[in-house]
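# A closer look at the structure
Spelled out from the first residue to the last, the chains are:
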Amino acid sequence: MPPRFPKKKKEVAQPQTFDEWLEAGVEFEESGDRYKDGDKARRFYEQAVQAYSSAAAFKADAFCLFNKGRLLLLLAEFKNPAYPLTQQRSLLEEAAKCLKAAVEMDSLHPDSMITLAQTIKALFERVLDNGDVITQTHFERLSEADVLLERALVLQLAELEKSKSLATATTCEPGCGHDHEHSGNRGENTQEAESQMNTASNDDTMDETAGDAANDGEEGYEIVNQQETVTNRTIIDTLVEHSSLLTIAASSLYSISIEQAEQLYMKSDSKLALTRGFWEEELGAVNEPSDIGLARAALFVARGESLFEASPKTEATASPWKSLFEQATAIYDDILARNPTCAEAPADKADLLCTWAECVMTTTIGCSGVPGFEALVNSVIAEVQQQQSGGGSSSSSSTATAPPPAHTFLTQLRQMYGQASRTYTQAQTIEPSKASISHRLGDLEATRTSLYPVSLDPAANAKTQQVLLKNAATHYKRALDALGVSMNPLSTPKSCADEDAAKGSLFGFAKVVSHFEGREEEVKNALVCWKRRGGVLGEDGDGCAIVFSQKVLSLDWFEKTING
């Protein structure tokens, strides 16, 4: 039998023209879409960006630049594997540059405007994540995004009205009286939205700096207006995106100008209110879709947090922010009642309950977190000692506004955090593979041990602490398993879909297990894996409000492992 030789791979010709590079970019992008995430998907998307860049080198083209900018945004937001924060920022800055050029070339393409606004928002979120100082430049860019979304909405509304008119025109005769072109009428939703946009355009708090329509007669420029068909759902998505942008801007502006921030909160709420006509027509329903409810609840939570930070930390001034938290809670409950498979509603509600408990601690004790727990426990011990020594006062001179006794407040906090734990568990039951939920639940169960100090009730509280610590370890392990993250120090670390949850769960697991006798090796393994994933002391595991056991802290390898 003659020898067999491997078939020679067919050589793929290098693209030579604008059209060939553009086609190559589309093909690379489609390949990335097939993998969705992982190293292969990211490599295909990177190749698509390079192909679009090569195409853009031949001539300036709005559609090509839009595609490149859109993919750069996708790569910056890519989770598995994620880029380092500094590289994410570089990708976003380059995306903003491409998309801005696309908008200038084609001023009638709303998708470019929306994607540019999303990119500006993502850049601002990185600023917040990194704890950078917020400057006037940041607010100017957010204002630019606000204007872009207003412009995009008007274009989408016009396209939607045109589509509806054409659809109606095919089924009736001129003079029928329907709302389409031969009647000269315009839809009620469109009129209301455009009216709001015009009002917003006159608002002197927003800096309209967006460029005018590009000159389509300039040589070398090709105006391409390719976009998805506009539907009621498209309009809803744009309004929800706009509301989210305004909410994050208002939250950041509150410490600088309460008046301007409140205006932005009101505008954010008005965008969500404007969705009603579209989802009623789209769904024929009387209850708003879950995504709109979640956005509205997020708005109430953000405004409540802003009010809390800006107001005196007293019970007398707590009513406004508590009212907003109550409204958000009611929305989450309503969403879950109507959509039992929406894990985001109970997860966000549990986040709110934890925030609420921290605000109540700060109002009552003067601080939250570990210092707050310690101060509260010391107050309870002092109360107990006073009662045991017979020094308790029988006076009834305390007023209704006086802080509750420490022991009563401790019971209240236990109930609040217990409710948050049950709510997280509800979200975990709905979506068991969601690592971030299990990670947060692990943090909460570990934190709750501080509310059961052994010094108050040695037998009962020691048992409760052990139960909570075991629960926390189970939830951390569940998060790591969902992410496919190993705690074997000999294994090669692999990228996962949520690095923050992975590192936080590894560090939290190490903290929790350090309190179990004979499991020091597990603590070391978890810390080694945490460090190999780029764990940084002070950045990971902050949600787990307990410390390592004294026994582990005294071991020779501990300092070297955690700081090495």
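Attention here is on the structure that accompanies the text. Not measured: the values here are computed from a predicted model. (Residues numbered from 1 in each chain as written. Predicted model: local features only at pLDDT ≥ 70, side-chain atom pairs only at ≥ 80, totals over all residues. Heavy atoms only, no water.)

### So, the overall build of the chain
Applicable threshold: Secondary structure follows DSSP: runs of H or I at least 4 residues long count as helices, runs of E at least 2 residues long count as strands, and numbering of each begins at the N terminus. With a 1.4 Å probe rolled over the protein chains alone, any residue whose accessible area is under 20% of its type maximum counts as buried; one over 50% counts as exposed, and the rest are partly exposed. Computed by Shrake-Rupley with a 1.4 Å probe, the accessible areas treat only the displayed protein chains as cover when residues are assessed.
Counting secondary structure elements, the chain contains 21 helices and two strands. When the 564 residues of the chain are sorted by exposure, 46% land in the buried category. Accessible surface, the chain: about 28,500 Å² in total, of which carbon and sulfur atoms supply 51%.

### Thoughts on a negative patch on the surface
Put simply, the rule reads: Each patch is assembled from residues with relative accessible area greater than 30% and no salt bridge, linking like charges that lie within 9 Å and nonpolar side chains (Val, Leu, Ile, Met, Phe, Trp, Tyr) that lie within 5 Å. We count a salt bridge whenever a side-chain nitrogen from Lys or Arg sits within 4 Å of a carboxyl oxygen from Asp or Glu. Positive charge is attributed to Lys and Arg, negative charge to Asp and Glu, and no charge count is given to His or to the chain ends. Here the site of a charge means NZ on Lys, CZ on Arg, CG on Asp, or CD on Glu.
On the surface, Asp-19, Glu-20, Glu-23, Glu-27, Glu-30 and Asp-33 cluster together to form a negatively charged patch. Topologically, Glu-30 is positioned in helix H1 (residues 18-35).

### What about the pattern of salt bridges?
Under the counting rule described, the total for this entry stands at 28 salt bridges. Here Arg-126 makes a salt bridge to Glu-77, at a shortest N to O gap of 3.2 Å. On the criterion of sequence distance, the pair formed by Arg-126 in helix H5 (residues 110-129) and Glu-77 in the loop between helix H3 (62-76) and helix H4 (85-105) is long-range, its members being 49 residues apart. You can call Glu-77 partly exposed: its relative accessible area is 31%. Between Glu-288 and Arg-296 there is a salt bridge; the shortest N-O distance is 2.9 Å. Of the two residues, Glu-288 and Arg-296, neither departs from the other in class, the shared state being buried. Among the charged side chains, a network of salt bridges with common partners joins Asp-146, Glu-150, Lys-267 and Lys-271.

### Here's the deal with the packing of helix H17 (residues 458-483) against helix H18 (residues 499-513)
Selection rule: To obtain each axis, a line is fitted to C-alpha atoms, and for helices this fit is confined to the stretch in contact; angles are then taken between N-to-C directions over 0 to 180 degrees. Each angle gets one of four labels, with under 35 degrees taken as roughly parallel, over 145 as roughly antiparallel, 65 to 115 as roughly perpendicular, and the rest as oblique. Note on convention: the crossing is left-handed when the near helix lies turned anticlockwise from the far helix by less than a right angle, right-handed when the turn is clockwise. Residues count as neighbours in contact if any of their non-hydrogen atoms are within 4.5 Å of one another.
Contact pair H17 / H18: the axes reach a minimum separation of 9 Å and the direction vectors enclose 150 degrees. By the criterion of interaxial angle, the relationship of H17 to H18 is roughly antiparallel. Considering only the axes of H17 and H18, their crossing is left-handed. In contact with Leu-469, Ala-472, Ala-473, Tyr-476, Ala-479, Leu-480 and Leu-483 of H17, H18 contributes Ala-501, Ala-502, Gly-504, Ser-505, Leu-506, Gly-508, Phe-509, Val-512 and Val-513.

### Some remarks on the nonpolar core
Note the cut-off: Nine residue types can take part in a nonpolar core, namely buried Ala, Val, Leu, Ile, Met, Phe, Trp, Tyr and Cys, and a core is a set of them joined through side-chain atoms within 4.5 Å.
With 99 residues, the main nonpolar core has Trp-321, Tyr-332, Leu-413 and Tyr-417 as its most contacted residues. Not counting the four nearest positions on each side in its chain, Tyr-332 is found in contact with Leu-294, Ala-297, Ala-298, Val-301, Ala-345, Asp-348, Lys-349 and Leu-352.

### With respect to the packing of aromatic side chains
Stated formally: Planes of paired rings set the category: under 30 degrees apart is stacked, over 60 is edge-to-face and the rest tilted, where pairs are Phe, Tyr or Trp rings (Trp by its six-membered ring) whose centres lie within 6.5 Å.
Applying the stated criterion to the full structure yields 12 aromatic pairs. Taking the centre distance of 6.2 Å and the plane angle of 70 degrees together, the rings of Tyr-45 and Phe-78 count as edge-to-face. One end of the pair, Tyr-45, is in helix H2 (residues 39-58); the other, Phe-78, is in the loop between H3 and H4, and 33 residues separate them in sequence. The same class applies to Tyr-45 as to Phe-78, namely buried. For the pair Phe-124 and Phe-139, a centre-to-centre distance of 6.5 Å together with 45 degrees between the ring planes defines the contact as tilted. Of this pair, Phe-124 sits in helix H5 while Phe-139 sits in helix H6 (residues 136-169), and the two are 15 residues apart along the sequence. Note on accessibility: Phe-124 and Phe-139 belong to one class, buried. These aromatic residues form a ring-pair network of at least three members: Phe-507, Trp-530, Phe-548, Trp-557 and Phe-558.

### Concerning the side chain of Ser-311
We apply this condition: Side-chain atoms alone can form a polar contact between residues adjacent in sequence; in general such a contact is a pair of N or O atoms within 3.5 Å, and within protein one must be able to donate a hydrogen while the other accepts it.
Here Ser-311 is to be found in the loop between helix H11 (290-310) and helix H12 (319-338). A relative accessible area of 17% means that Ser-311 is categorised as buried. One polar contact links the side chain of Ser-311 to the main-chain carbonyl oxygen of Leu-307, over a distance of 2.9 Å. In this structure the side chain of Ser-311 is engaged in a polar contact, spanning 3.3 Å, whose partner is the backbone oxygen of Phe-308. With residues near it in sequence (within four places) discarded, Ser-311 still touches Thr-317 and Trp-321.

### Re unusual backbone geometry
With an omega of 0 degrees, the peptide bond running from Asn-80 to Pro-81 counts as cis. Its place among the elements puts Pro-81 in the loop between H3 and H4. Located in the positive-phi region is Lys-36, a residue other than glycine, with phi close to 70 degrees.

### A closer look at the packing of helix H16 (residues 435-448) against H18
To keep things clear, this is the line we draw: Basically, the charged four are Asp, Glu, Lys and Arg, the nonpolar ten are Ala, Val, Leu, Ile, Met, Phe, Trp, Tyr, Cys and Pro, and anything else, Gly included, counts as polar.
Contact geometry for H16 and H18: axes closest at 10 Å, N-to-C directions at 30 degrees. Between H16 and H18, the angle is such that the two are roughly parallel. Remark: the crossing between H16 and H18 carries left-handed chirality. Along the contact surface, H16 presents Ser-436, His-439 and Ala-446, while H18 presents Asp-500, Ala-501, Gly-504, Ser-505 and Val-512. Across the contact of H16 with H18, the residue classes break down as three nonpolar, four polar and one charged.

### Regarding H17
What counts is decided by this rule: Working rule for helices: expected span equals 1.5 Å times residues minus one.
Taking 1.5 Å of rise per residue, 26 residues should cover 38 Å, and H17 covers 38 Å from first to last C-alpha, within 8% of that figure. Every buried residue belonging to H17 is among Asn-461, Gln-465, Leu-468, Leu-469, Ala-472, Ala-473, His-475, Tyr-476, Ala-479, Leu-480 and Leu-483, and all of these are buried. Packed against the buried residues of H17 are helix H15 (406-430), H16 and H18. The first or second residue beyond H17 is Gly-484, which carries a positive phi of 70 degrees.

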